[in-house]
Amino acid sequence: MEQLEKETDPKILKALLASREDYTLEDALENEMILNMGPQHPATHGVLRLLLRLDGERIIGCVPELGYLHRGYEKMAENMSYYEYIPHTDRLDYISPMANNVAWVLAVEKLAGIEAPKRAQYIRMMIAELARIASHLVQIGSFAMDVGALTVFLWTLREREKILDIWDILCGARFTNSYTRIGGVANDAQPEALAKVKWFIDQFEPNLAEVEQLLNTNKIFIERVDGVGAISKEDAISLAFCGPNLRACGVEFDLRRNVPYLCYDEIDFKIPTYTEGDCLARYFLRLDECRESAKIVRQVLEKMPQGPVHADMPKQVLPQKDEIYTKMEELIHDFMIVNFGINPPVGEIYHAIEGSKGELGFYLVSKGEGHPWKCKIRSPSFNNIQSLPKLVIGHLISDVVAIIGSIDPIMGEADK
Amino acid sequence: MNLKELIPQKLKEKFPSVEFELTDYRDELTIKFDKKSVVEICTFLKSDSDLEFSWCSDVTAIDWATRKNRFTVVYNIFSMKHNFRLRLKADVDESDCTIDTVTSIWKSANWQERETYDMYGIKFTNHPDLRRMYMPEEFEYHPLRKDFPLMGIPGSLPLPKK
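Below is a short write-up of the structure. Small disclaimer: the values here were computed from a predicted structure and weren't measured.

### Notes on the overall build of chain B
1) Next: Across its full length, chain B holds three helices and seven strands.
2) Next: Listed N to C, the secondary structure of chain B is α-β-β-α-β-β-β-β-α-β in terms of helices and strands.
3) Next: Looking at chain B alone, contacts between residues at least 24 apart form 50% of all its contacts between residues at least 6 apart.
4) Next: Per element, the accessible surface of chain B, about 7,600 Å² overall, is 51% carbon and sulfur.

### As for the sheet that holds strand β7 (residues 359-366) of chain A
All names here are of chain A.
1) Next: If you trace the three strands from one edge of the open sheet to the other, you get β6-β7-β8, paired in antiparallel fashion. Where the open sheet ends on each side, the last strands, each with one partner, are β6 (347-354) and β8 (374-378). Between one strand and the next, the sheet's axes are offset by a mean angle of 10°, whatever the strand orientation.
2) Next: As paired strands, β7 and β8 are joined by five bridges and run antiparallel to one another. The residue of β8 that forms the bridge with leucine 364 is cysteine 375.

### Concerning the interface of chain B and chain A
1) Next: Tallying the contact residues gives 51 residues for chain B and 55 residues for chain A.
2) Next: On the surface where chain B and chain A come into contact, there are 10 salt bridges.
3) Next: Two residues, Glu65(A) and Arg131(B), come together in a salt bridge whose shortest N-O distance is 2.9 Å.
4) Next: The interface formed by chain B and chain A contains 30 residue pairs in polar contact (both at pLDDT 80 or more).
5) Next: Listing elements by their share of the side of chain B that touches chain A, those giving two or more residues are β2 (28-33), β3 (55-63), β4 (71-79), β5 (84-92) and α3 (109-120) of chain B.
6) Next: Per-element tally for the side of chain B that touches chain A: the top contributor is β3(B), with nine residues.
7) Next: The residue inventory of the side of chain B that touches chain A, partitioned by class, reads 24 nonpolar, nine polar and 18 charged.

### As for the packing of helix α8 (residues 150-171) of chain A against helix α9 (residues 191-216) of chain A
Residue and element names in this part refer to chain A.
1) Next: The N-to-C vectors of α8 and α9 enclose an angle of 170°; their axes lie 10 Å apart at closest approach. Classified by the interaxial angle, the pair formed by α8 and α9 is roughly antiparallel.
2) Next: Looking at the contact of α8 with α9 residue by residue, the classes come out as 14 nonpolar, four polar and seven charged.

### Quick word on the pattern of salt bridges
Residue and element names in this part refer to chain A.
1) Next: In total, this model carries 51 salt bridges over all chains according to the counting rule given.
2) Next: A salt bridge links aspartate 254 to arginine 256, with the nearest nitrogen and oxygen atoms 2.7 Å apart.
3) Next: For aspartate 254, a relative accessible area of 0% puts it in the buried group.
4) Next: Residue class for arginine 256 comes out buried when judged on its relative accessible area of 5%.
5) Next: Salt bridges sharing common partners tie together Glu129, Arg132, Arg247, Asp254, Arg256, Glu289 and Glu354.

### Points about the packing of aromatic side chains
1) Next: Taken as a whole and judged by the stated rule, the model has 23 aromatic pairs over all chains.
2) Next: Ring geometry for Tyr85(A) versus Trp104(A): centroids 4.6 Å apart, planes at 55°, classification tilted. One end of the pair, Tyr85(A), is in the loop between α4 (73-77) and α5 (86-90); the other, Trp104(A), is in helix α6 (residues 97-112), with 19 residues separating them in the sequence.
3) Next: Each ring, one from Phe53(B) and one from Phe84(B), has its centre 6.4 Å from the other, and the planes form 70°; the classification is edge-to-face. Pair noted here: Phe53(B) is in the loop between α2 (38-47) and β3 and Phe84(B) is in strand β5, with a separation of 31 residues, a long-range link.
4) Next: What makes Phe53(B) buried here is its relative accessible area of 1%.
5) Next: Clustering of aromatic rings is evident, with ring pairs tying together Tyr73(A), Tyr82(A), Tyr85(A), Trp104(A) and Phe362(A).

### Looking at the side chain of Lys374(A)
1) Next: One can find Lys374(A) in strand β8.
2) Next: Summary of buried charges: Lys374(A) has no salt-bridge partner, and the nearest side chain of opposite charge, Glu74(A), is 4.7 Å away.
3) Next: A polar contact of 3.1 Å, which involves the side chain of Lys374(A), links it to the side chain of Thr60(B).
4) Next: Engagement of the side chain of Lys374(A) in a polar contact is seen with the side chain of Tyr120(B), the distance being 2.9 Å.
5) Next: Setting aside its immediate chain neighbours within four residues, Lys374(A) contacts Glu78(A), Tyr363(A), Leu364(A), Val365(A), Thr60(B), Ala61(B), Ile62(B), Tyr120(B) and Leu144(B).

### Some details on the side chain of Thr101(B)
Residue and element names in this part refer to chain B.
1) Next: One can find threonine 101 in the loop between β6 (98-100) and α3.
2) Next: For threonine 101, the side chain forms a polar contact with the side chain of threonine 103, separated by 2.4 Å.
3) Next: Leaving out residues up to four positions away in the same chain, threonine 101 has contacts with Val39, Glu113, Phe124, Thr125, Asn126 and His127.

### Quick look at helix α19 (residues 397-407) of chain A
1) Next: Burial analysis of α19(A) places nine of its 11 residues in the buried class, the great majority of the element.
2) Next: Of the positions making up α19(A), those classed as buried are Asp399(A), Val400(A), Val401(A), Ala402(A), Ile403(A), Ile404(A), Gly405(A), Ser406(A) and Ile407(A).

### A word on the sheet that holds strand β1 (residues 21-25) of chain B
Residue and element names in this part refer to chain B.
1) Next: With mixed pairing, the five strands of this open sheet are ordered in space as β1-β2-β5-β4-β3. Pairing within the sheet leaves two strands with one partner each, and these edge strands are β1 and β3. Across the sheet, the mean angle from the axis of one strand to that of its neighbour is 20°, orientation sign disregarded.
2) Next: Relative to β4, β3 runs antiparallel, the two sharing eight bridges. Following the sheet pairing, cysteine 56 is matched in β4 by isoleucine 77.
3) Next: Running at roughly 45° to β5, helix α1 (residues 3-14) makes contact with β1, β2 and β5 of the sheet.
4) Next: Across the sheet, α3 lies against β3 and β4, angled at about 10° from β3, the strand it touches most.

### Quick word on the packing of helix α7 (residues 118-146) of chain A against α9(A)
All names here are of chain A.
1) Next: Put simply, α7 and α9 touch, their axes get as near as 13 Å, and they point 25° apart. Relative to α9, the element α7 is oriented roughly parallel. Crossing of α7 against α9: the hand is left-handed. Of the residues in α9, those in contact with Arg119, Met126, Leu130, Ile133, Leu137, Ile140 and Ala144 of α7 are Leu194, Val197, Phe200, Ile201, Phe204, Leu208 and Leu215.
2) Next: Looking at the contact of α7 with α9 residue by residue, the classes come out as 13 nonpolar, no polar and one charged.

### A closer look at a nonpolar patch on the surface
Residues and elements named next belong to chain A.
1) Next: Together, Met328, Leu331, Ile332, Phe335, Met336 and Phe340 give the surface a local cluster of nonpolar side chains, amounting to about 610 Å² of exposed area.
2) Next: When you line up the elements, methionine 328 lands in helix α16 (residues 328-340).
3) Next: Looking at methionine 328, the relative accessible area reads 57%, which means it is exposed.

Thresholds, definitions, all that
Residues numbered from 1 in each chain as written. Chains lettered and ligands numbered in written order. Predicted model: local features only at pLDDT ≥ 70, side-chain atom pairs only at ≥ 80, totals over all residues. Heavy atoms only, no water. Helix = DSSP H or I, 4+ residues; strand = E, 2+ residues; numbered from the N terminus. Contact = heavy atoms within 4.5 Å. Areas by Shrake-Rupley, 256 points an atom, 1.4 Å probe, with all protein chains shown as cover. Pairing = 2+ DSSP bridges. Axes fitted to C-alpha atoms, helices over the stretch in contact; angles between N-to-C directions. Salt bridge = Lys/Arg side-chain N within 4 Å of Asp/Glu carboxyl O. Polar contact = N/O pair within 3.5 Å; in protein donor to acceptor, adjacent residues only side chain to side chain. Nonpolar A, V, L, I, M, F, W, Y, C, P; charged D, E, K, R; others polar. Parallel < 35°, antiparallel > 145°, perpendicular 65-115°, else oblique. Buried < 20%, exposed > 50% of the residue type's maximum accessible area, 1.4 Å probe, protein only. Phe/Tyr/Trp six-rings, centres within 6.5 Å; stacked < 30°, edge-to-face > 60°. Lys, Arg positive; Asp, Glu negative; His and termini not counted. Left-handed = near helix turned anticlockwise from the far one by under 90°. Patch = residues over 30% accessible without salt bridge, like charges linked within 9 Å, V, L, I, M, F, W, Y side chains within 5 Å.

In structure tokens:
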């Protein structure tokens, strides 16, 4: 009791007992237990701390504590130029850095009024979808590992490894890519990279089916997750649950379809939905999304036009390296953009993409300077973790592990 | 009828005494009003059957540093029925750094307002659980205010208790 009060802030303890006003901590500790899970715990996927109030093994209260990975990215964005911030977006959702790059440049382009050429937009679509596949593969693998099926993790990471190899060819980095640029992408997609993407997509579906076979016929896995952590459609919308988690509750909402950006309106794809809203539905939904993403990538490869990958706006788009070294004008522009930034007009915009975890948006306020006056990151994981108390109450401790795995929180993004 | 005309028209009909300031920039509608009426307006926007802004995507604030009304609280709401995004704004002055909470309307505003409180020090009255979101509870400053230095303040983050 003393130990608990010494180590935990009184306000957190108050929140934990919020269900009953007259209830004190002493009363609670008579027949209940308060368990601290995390921040360093293999099942919390990073540094998430949960305070659980237990009656026997059943959870009657849960308070998540965030901030163990808070690096102040919003503050940093206010002090650096729009170009400088691209590598920092890699570190938000570090499982799918490419999607974050795309989200950031689309927001800045909307603010500055730049439109990237068609080929660049198709490349962006391709990398965003591959990033979604990579992210879902990690989720499926680690989720299965959390509930005891270890092999799947190795199988899905083997597939993800191939995507990392594609990143390597495409932009020279496997993990923190920073591949997109304002007004285009860093360099054109080489034919060998595109050939590798095509090879990957062709062999991906049979391999995914194998993974699925391992899990769907596994009685222990199904029984651990079926009906666990269910949430209703109304609660999910009210709690701003987003992305695959929301679609698993029966809400057919996907920004790629509802608010099309890039060239998603030219692509034919389905939005899978499930109605159960439990861990099993969230797992099935991610498998289906992987297949849909593969379908999108295949169409993108077919439809990808030839042409430039940089917008022709020298005052705002960084010139290519070989031009800087040979042409005077380009050298001047490079100097001005790097030192003073691109100075978008005074105004504010919000742009969101359907990231692998949900709506990933940037709210930018410009005062006409080289750096944003305000940058707000609307991160999907932050809003998904908010529903955690709602999901875990009434379940067992072992289910908490499954539920955290199934909503797929990435703390880099939740804590910013 | 276009939603960009419908929403202001409906709001003016429903709240004749409130002044609305409309901005349409890059095809995004922003509506600014006095902070006193925030709860009524949000309730109306969510419950009106023609609008149904059922999804509160984000709550944040802007620190203007030198302006008279130093802060602006920004609500980013979305209508799944119309696929329409709307931004609501309300000015908050530093001398009276409070605004009513919208947690009763959108549950998701709970954490989003806590984050805004943590980062800007704007108090949301009637909030059920107004704690800091990221920073430790004993931290005195609000890091996203413009007068908080980028490098931080030495000694402001206490070491963990032994």
